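# Structure at a glance
Read off the chains here:
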2 protein chains.
Amino acid sequence: MARWEPGTPERLQKAALELFAAQGFEQTTTLEIAQSVGVTERTFFRHFSDKREVLFHGQQSFEQAFVDGVEAAPPDAPAMDAVARSLRSAASFFPEERRPYSRIRQSVIDANPALQERELHKLSRLAVTVAAALRARGVDDLAATVAAQTGASLFGVAFSRWIKEDERRTLADIADDVLRELTVLTRQADPEAGARTHPRP
Amino acid sequence: MARWEPGTPERLQKAALELFAAQGFEQTTTLEIAQSVGVTERTFFRHFSDKREVLFHGQQSFEQAFVDGVEAAPPDAPAMDAVARSLRSAASFFPEERRPYSRIRQSVIDANPALQERELHKLSRLAVTVAAALRARGVDDLAATVAAQTGASLFGVAFSRWIKEDERRTLADIADDVLRELTVLTRQADPEAGARTHPRP
């Protein structure tokens, strides 16, 4: 019964998500998750440090998808173009067949403030990783930080739309729309507008 | 001894921060905080629901400073100009004399992952509030969300710089620089750059 077989982490994730959605995150035990796929609790802990980690497994591959996008940009590409590529690269991490899973996962997270905070932490770590990838291309520190933080925020906006119930566009298409919106917004704005009414001494 | 006097919450905050910084957040009890300013633990709980809230007290006024900035923008101002004003308005919430307090607070938060997640949650709530203020001005939903999320991220970038040890610029000046950086970055970028190499079907 405790024999390892390929796909055990994926089966545990799927089972955990179904249990979390059906009876609540707090009410579900690691033993229940393990038993529902016919393994011991010890096997569960071989793959995940706790039940929360079941929802956040794969952070490294997730971040790597963004870094791959940054690194695939031509060496002379502007920083925001590299960020745009990182969002499209990450979008390929979320193909259509993953959308129902992502929706259930989000409903579990939405019901639990501690999980929401962990999810925000994920996007925050992502911004730090992308900023480092940009600095490695020679982008200066402020530009790298601003571009990466903005990119992580926009990915969050795009992802929230992608998992809406009636949304059918791909995540890559939504990410493109969100990036275009930022371009329109910053082009409309006058960076000195507010400053003029608050003159510096 | 338990007599209420003006300034008790502020005195509790200051004492709590000193205790957290000196002996660690986890190691500090609400009783110690209360006793260090000569009030009962019951008085402490009249002002704060728990010791974590001491660090996050004032969220409403913090958010309101952003909303005030958005509302002070001329009705026809572009969304990002309203966001720029919200950042400058919030900057006035952090005058020079608050910088040492903000630095100590940050060192306490940096030492505790749960507090970091709570801090991220604060910026996330802020983005939701600013987006609502923009929608109330007639900004459409996507533009309001993108502008507000970007604004909250940039405030985070500016604030992190403001509390660096050798930083002397005001938060308003740093926020202006960060906003200008975003404008430069988006103007350099070609929104279709990556899309061209990933043609849509």
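Residues numbered from 1 in each chain as written. Chains lettered and ligands numbered in written order. Predicted model: local features only at pLDDT ≥ 70, side-chain atom pairs only at ≥ 80, totals over all residues. Heavy atoms only, no water.

## Details of the packing of helix H7 (residues 99-110) of chain A against helix H8 (residues 113-136) of chain A
Residue and element names in this part refer to chain A. Our working definition: Between N-to-C directions, angles cover 0 to 180 degrees, with each direction set by a line fitted to C-alpha atoms, over the stretch in contact for helices. Put simply, DSSP marks the helices as runs of H or I at least four residues long and the strands as runs of E at least two long, and each gets a number from the N terminus on. Between 65 and 115 degrees an angle is taken as roughly perpendicular, under 35 as roughly parallel, over 145 as roughly antiparallel, and anywhere else as oblique. In what follows, a contact means two residues having at least one pair of non-hydrogen atoms within 4.5 Å.
Packing of H7 against H8 leaves a shortest axis separation of 7 Å and a crossing angle of 120°. With respect to each other, H7 and H8 are oriented oblique. Residues Arg105, Gln106, Val108, Ile109 and Asp110 of H7 form the contact with H8, whose own contacting residues are Leu115, Gln116, Glu119 and Lys122.

## Here's the deal with the relation of the copies chain A and chain B
Selection criterion: Copies overlap after least-squares fitting; the atoms used are the C-alpha atoms of residues with pLDDT of at least 70 in both.
With an RMSD of 0.0 Å, the fit of chain A onto chain B corresponds to turning through 180° and sliding 0.0 Å along the axis. Such a combination of rotation and displacement between the chain copies is what one expects of a two-fold axis. Comparing contact sets, 100% of the residues at the interface of chain A also lie at the interface in chain B, consistent with an isologous, same-surface contact.

## Quick look at the UniProt feature "DNA-binding region" (unreviewed entry) in chain A
Inclusion rule: UniProt positions are given in the numbering used here, feature names are shortened, and annotations may be inferred rather than shown by experiment.
Those residues carrying the UniProt feature "DNA-binding region" (unreviewed entry) are residues 29-48 of chain A in this numbering. The span residues 29-48 of chain A shows a helical share of 70% and a strand share of 0%, and its end C-alpha atoms are spaced 13 Å apart.

## Quick look at the domain arrangement of chain A
Residue and element names in this part refer to chain A. The following threshold applies: What counts as a domain boundary in this text is fixed by an automatic or database domain assignment. Put simply, buried area is how much 1.4 Å-probe accessible surface two parts lose in total, over both of them, once they are put together. The working definition used for a salt bridge is a side-chain nitrogen of Lys or Arg within 4 Å of a carboxyl oxygen of Asp or Glu. Within 3.5 Å is the distance limit for a polar contact, defined as a pair of N or O atoms, with the added protein rule that one can donate a hydrogen and the other accept it, and that residues adjacent in sequence qualify only through two side-chain atoms. Think of it as three bins: nonpolar holds Ala, Val, Leu, Ile, Met, Phe, Trp, Tyr, Cys and Pro, charged holds Asp, Glu, Lys and Arg, and polar takes everything else, Gly as well.
Each assigned domain of chain A is listed with its residue range as follows: domain 1 (8-55) and domain 2 (58-188). The interface of domain 1 with domain 2 comprises 10 residues on the first partner and eight residues on the second. Summed over both partners, the interface of domain 1 with domain 2 comes to about 880 Å²; 65% of that surface belongs to carbon and sulfur atoms. Looking only at domain 1, the three residues that lose the most surface to domain 2 are Leu17, Arg52 and Leu55, adding up to 59% of its buried area. Joining domain 1 to domain 2, the criterion identifies one salt bridge. Here domain 1 and domain 2 share three residue pairs in polar contact (both at pLDDT 80 or more) between them. Taken together, the elements giving at least two residues each to the side of domain 1 that touches domain 2 come down to helix H1 (8-23) and helix H4 (51-56). Looking at the side of domain 1 that touches domain 2 residue by residue, the class counts come to six nonpolar, one polar and three charged.

## Quick notes on the pattern of salt bridges
Selection criterion: To sort residues, take the accessible area from a 1.4 Å probe on protein chains only and compare it with the maximum for the residue type: under 20% means buried, over 50% means exposed, and anything in between is partly exposed.
What the rule picks out here adds up to 26 salt bridges over all chains. Between A:Arg161 and B:Asp141 there is a salt bridge, with the nearest N and O atoms lying 2.6 Å from each other. Highlighted residues: A:Arg161 in helix H9 (residues 141-162) and B:Asp141 in helix H9 (residues 141-162), drawn from two different chains. Under the relative-accessibility criterion, B:Asp141 is labelled partly exposed at 32%. In this structure, B:Arg135 and B:Asp141 form a salt bridge, with 3.0 Å as the shortest nitrogen-oxygen distance. On the basis of relative accessible area, B:Arg135 is assigned to the partly exposed category, the value being 37%. Taken together, the shared-partner salt bridges in this structure form one network comprising A:Glu167, A:Arg169, A:Asp177 and A:Arg180.

## Some details on the nonpolar core
The criterion, for reference: For our purposes a nonpolar core is just a set of buried Ala, Val, Leu, Ile, Met, Phe, Trp, Tyr and Cys residues, chained together by side-chain atoms within 4.5 Å.
A:Leu134, A:Phe155, B:Leu134 and B:Phe155 are the most contacted members of the largest nonpolar core, which has 90 residues in total. Those residues within four positions of B:Phe155 in sequence are excluded, and the remaining contacts are B:Phe62, B:Phe66, B:Leu87, B:Ala90, B:Phe94, B:Leu123 and B:Leu171.

## Digging into the interface of chain A and chain B
Counting from both sides, the interface comprises 47 residues of chain A and, opposite them, 47 residues of chain B. Roughly 4400 Å² of surface becomes buried between chain A and chain B when both sides are summed, with 58% attributable to carbon and sulfur atoms. Taken together, chain A and chain B are joined by four salt bridges. Our enumeration of links across chain A and chain B arrives at four residue pairs in polar contact (both at pLDDT 80 or more).

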